[in-house]
Amino acid sequence: ETVPLEMHKVRVVQKLTLAPIEERLKAIAAAGNNTFLLQNRDIFMDMLTDSGVNAMSDRQMAAMMVADDSYAGSATYEKFAAKLVELFGMDFILPTHQGRACENILSQVLVKPGTIVPMNYHFTTTKAHIVLNGGTVEEIPHDRGLEVTSTHPFKGDMDIAKLEALVATHGAQKIAFVRMEAGTNLIGGQPISLANLREIRAACDRHGMIFVLDASLLADNLWFNKTREESCKDLSIAEITRQIADLCDVIYFSARKLGCARGGAICIRSEALYRKMRVLVPLYEGFLTYGGMSVREIEALTVGLEETMDVDMISQGPLFIDYMVRELDKRGVPVITPPGGLGCHIDVMRFLPHIPQAQYPAGALASALFIASGIRGMERGSLSEQRNPDGTEVYSNMELLRLAMPRRVFTLSQVKYAIDRIDWLYQNRDLVGGLVFVEEPEILRFFYGRLDPV
Ligand code: F0G
């Protein structure tokens, strides 16, 4: 029986409150049963996301004090770009204010109406930008990726046969680019293997296609490469990173999950492609040496990227998640297995089988868990999908309640509290009913839509 051990100590703390259940009930009603609309003061454990809420290190805080503040040509930016060139071995870097900004630029440059973007799985903002530019997303994970319970170590891998079939049907010229997402977010933070990336590189070489990696969740993925993939066992994290990067044409990331509270970047191998994307940075982000980030954030991010090469740093999230998943599984609570990165994912189709997908079971469970515990999770199911142009619902493959694990933020006793409350809710799951929209935004509706109990 392994229990995770923190390889850090806590030197700055923030007070939490646990409001009585009556107040939690009022708060979730005021939020239209949408956890995105809750106020932080009403929340005990915020497990909405790991985006922009991870703990910073003493070295990151210190780095922020020595930032070289200037609009253009700051030494801080030089350091940042040099770190990325060192880690990924790509010569051309573009800074952005966050991940979706990279997706905007990539999509505007590479996606033309009628083109296709094959990927292991979509992320909400990625798909929105591709569709906005007239493209179509084709998700081609291995079938095992969509099996909620499994022992397969790399459920995020792409099915190469499906990629070849797409190329055969549409022709390579219709493929805008091939996208892989490390730590595949919407299927439970499931990792991708280096072996699979090699196969994709070979396919891209065969057909002359551009290979793009979304590295927002790369930190977790690197831990899984190191611990689950035989060929990576004796490599350092930096060596695994470079092996992955060497297979890609473009790597972009949201820095909100990878080393800082904000920011992002696009790393590009080809100068011609870089020049096409570069013109959009001053238009949407800011000048080329800050891209919408403050220089203090760029300093912290540079240190954060460096610390991502430390096994003790990147293991914390996956080990805590592993503990939470195993403890819930032991109690019979349906969870996504094997444990992945990002957070613990509850399989709501099995948790609340009495609620049809049309009544957003994962959203209903997010709301119920907040009432029962003061814990805020995030719906990752049909509510997070976008309706078809004819207004019909798109039902997601999985109905998940994601309980994200911000890195080095929670103690193990807080995680045990979460396990206890989820277990209680599972024993009392008949109390939970479905939801119906009373206010439904057209794009990314999950962010600020409002719902009532059915
Ligand atoms: N790609 C992946 C894989 C992500 O997980 C995210 C964000 C983005 C791109 C977009 O980056 O937020 O900086 O614009 N995921 C957050 C989450 C929002 O909570 O899962 P962003």
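Rules of the game
- Residues numbered from 1 in each chain as written.
- Predicted model: local features only at pLDDT ≥ 70, side-chain atom pairs only at ≥ 80, totals over all residues.
- Helix = DSSP H or I, 4+ residues; strand = E, 2+ residues; numbered from the N terminus.
- Buried ≥ 20, exposed ≤ 12 C-beta atoms within 10 Å, placed from the backbone.
- Contact = placed C-beta atoms within 7 Å.
- Near = placed C-beta within 6 Å.
- Nonpolar A, V, L, I, M, F, W, Y, C, P; charged D, E, K, R; others polar.
- UniProt positions renumbered as here; feature names shortened; annotations may be inferred.
- Pairing = 2+ DSSP bridges.
- Axes fitted to C-alpha atoms, helices over the stretch in contact; angles between N-to-C directions.
- Core = buried A, V, L, I, M, F, W, Y, C linked by C-beta atoms within 7 Å.
- Domains from an automatic or database assignment.
- Right-handed = clockwise from strand over helix to strand, strands pointing away.
- Left-handed = near helix turned anticlockwise from the far one by under 90°.
- Expected span 1.5 Å × (residues − 1).
- Parallel < 35°, antiparallel > 145°, perpendicular 65-115°, else oblique.

- An unreviewed UniProt entry annotates the chain as Tyrosine phenol-lyase originating from Rhodobacter capsulatus.

**Brief notes about the overall build of the chain**
Then comes step 1: The helix and strand inventory of the chain stands at 17 helices and 14 strands.
Then comes step 2: By principal-axis analysis of the C-alpha atoms, the chain measures approximately 60 × 55 × 45 Å.
Then comes step 3: In the chain, which comprises 454 residues, the share counted as buried stands at 48%.
Then comes step 4: Across the chain, contacts joining residues at least 24 apart in sequence account for 70% of those joining residues at least 6 apart.

**Brief notes about the site of the ligand**
Then comes step 1: Near the ligand you find 16 residues, and of these Thr49, Gln98, Gly99, Arg100 and Ser254 are the closest.
Then comes step 2: For the shell around the ligand, the secondary-structure elements that each account for two or more residues are helix 4 (99-110) and helix 5 (124-132).
Then comes step 3: The residue inventory of the shell around the ligand, partitioned by class, reads two nonpolar, ten polar and four charged.

**Notes on the UniProt feature "domain: Aromatic amino acid beta-eliminating lyase/threonine aldolase" (unreviewed entry) in the chain**
Then comes step 1: When the UniProt feature table is mapped onto this chain, "domain: Aromatic amino acid beta-eliminating lyase/threonine aldolase" (unreviewed entry) is found at residues 46-414.
Then comes step 2: The span residues 46-414 shows a helical share of 41% and a strand share of 13%, and its end C-alpha atoms are spaced 11 Å apart.

**What to know about the sheet that holds strand 9 (residues 343-347)**
Then comes step 1: Taken in spatial order, the three strands line up as 9-12-11 in an open sheet, and their pairing is antiparallel. Looking at strand neighbours, the two that pair on one side only are strand 9 and strand 11 (378-380), the edges of this open sheet. Across the sheet, the mean angle from the axis of one strand to that of its neighbour is 30°, orientation sign disregarded.

**Re the nonpolar core**
Then comes step 1: Grouped together as the largest cluster of nonpolar side chains are 129 residues, with contacts concentrated most on Ile251, Ile266, Cys267, Met324 and Leu365.
Then comes step 2: Inspection of this core shows a minimum of three residues originating in each of domain 1 (21-50 + 313-453) and domain 2 (58-311).

**Notes on the UniProt feature "modified residue: N6-(pyridoxal phosphate)lysine" (unreviewed entry) in the chain**
Then comes step 1: The feature "modified residue: N6-(pyridoxal phosphate)lysine" (unreviewed entry), as annotated in UniProt, sits at Lys257 in this numbering.
Then comes step 2: Structurally, Lys257 is set in the loop between strand 7 (250-254) and strand 8 (264-268).
Then comes step 3: Exposure remark for Lys257: the 30 C-beta atoms within 10 Å place this residue in the buried category.
Then comes step 4: Those residues in contact with Lys257 that lie beyond four places of it in its chain are Asp50, Ser51, Ser216 and Leu217.

**What about the pairing of strand 3 (residues 116-119)?**
Then comes step 1: Of the two faces of strand 3, the one holding Ile116 and Pro118 and the one holding Val117 and Met119 are both buried throughout.
Then comes step 2: Pairing analysis gives four bridges linking strand 3 to strand 4 (residues 136-139), with the strands arranged parallel. The residue bridging Pro118 from the neighbouring strand is Glu138, located in strand 4.
Then comes step 3: One crossover worth recording links strand 3 to the parallel strand 4 by way of helix 5, and it is right-handed.

**Overview of the pairing of strand 2 (residues 92-96)**
It is a general feature of regular strands that their side chains alternate between the two faces of the sheet.
Then comes step 1: Of all five residues that make up strand 2, five are buried, and the element is covered over most of its length.
Then comes step 2: Neither face of strand 2 is left uncovered, since the one carrying Phe92, Leu94 and Thr96 and the one carrying Ile93 and Pro95 both have all their residues buried.
Then comes step 3: Relative to strand 8, strand 2 runs antiparallel, the two being bridged by five bridges. Looking across to strand 8, one finds that Pro95 is bridged to Ala265.

**Overview of the domain arrangement of the chain**
Then comes step 1: Looking at the chain, the domain boundaries give domain 1 (21-50 + 313-453) and domain 2 (58-311).
Then comes step 2: Computed over C-alpha atoms only, the centres of domain 1 and domain 2 are separated by 26 Å.
Then comes step 3: Across the contact, 22 residues belong to domain 1 and 29 residues belong to domain 2.
Then comes step 4: Going through the elements one at a time, helix 13 (311-314), helix 14 (316-330) and strand 9 are the ones with two or more residues in the side of domain 1 that touches domain 2.
Then comes step 5: The element contributing the most residues to the side of domain 1 that touches domain 2 is strand 9, with three residues.
Then comes step 6: Of the residues belonging to the side of domain 1 that touches domain 2, the class tally is ten nonpolar, nine polar and three charged.

**Some details on the packing of helix 16 (residues 361-373) against helix 17 (residues 412-427)**
Then comes step 1: The interhelical angle for the contact between helix 16 and helix 17, taken along N-to-C directions, is 115°, at an axis separation of 10 Å. For the element pair helix 16 and helix 17, the recorded crossing hand is right-handed. Taking contact as the criterion, the partners of Ala368, Leu369, Ala372 and Ser373 in helix 16 are, on helix 17, Ala418, Arg421, Ile422, Trp424 and Leu425.
Then comes step 2: Residues belonging to the contact of helix 16 with helix 17 are distributed by class as follows: seven nonpolar, one polar and one charged.

**Re helix 4**
Then comes step 1: For helix 4, spanning twelve residues, the distance from its first C-alpha to its last is 16 Å, which sits close to the expected 16 Å at 1.5 Å a residue.
Then comes step 2: Where helix 4 is concerned, the buried positions are Gly99, Ala101, Cys102, Glu103, Ile105, Leu106, Ser107 and Leu110.

**Looking at the packing of helix 14 against helix 17**
Then comes step 1: The N-to-C vectors of helix 14 and helix 17 enclose an angle of 30°; their axes lie 10 Å apart at closest approach. One way to sum up the angle between helix 14 and helix 17 is to call them roughly parallel. As for the relative orientation of helix 14 and helix 17, their crossing is right-handed in sense. Here helix 14 contributes Phe320, Tyr323, Met324, Glu327 and Leu328 to the contact with helix 17, which in turn contributes Val415, Ala418, Ile419 and Ile422.
Then comes step 2: Grouping the amino acids of the contact of helix 14 with helix 17 by side-chain chemistry returns eight nonpolar, no polar and one charged.

**Brief notes about the environment of Met64**
Then comes step 1: Relative to the helices and strands, Met64 resides in helix 2 (residues 58-65).
Then comes step 2: Put simply, Met64 and Leu301 are 237 residues apart on the chain and 9.4 Å apart in space, counted from C-alpha to C-alpha.
Then comes step 3: Ignoring sequence-local partners within four residues, the contact set of Met64 consists of Arg296, Glu299 and Ala300.

**Section: the environment of Tyr448**
Then comes step 1: By the element assignment, Tyr448 lies in the loop between strand 13 (435-439) and strand 14 (450-453).
Then comes step 2: Sequence separation between Tyr448 and Asn34 is 414 residues, and the spatial gap between their C-alpha atoms is 7.4 Å.
Then comes step 3: The contacts of Tyr448, once residues within four sequence positions are left out, are Phe36, Leu37 and Pro441.

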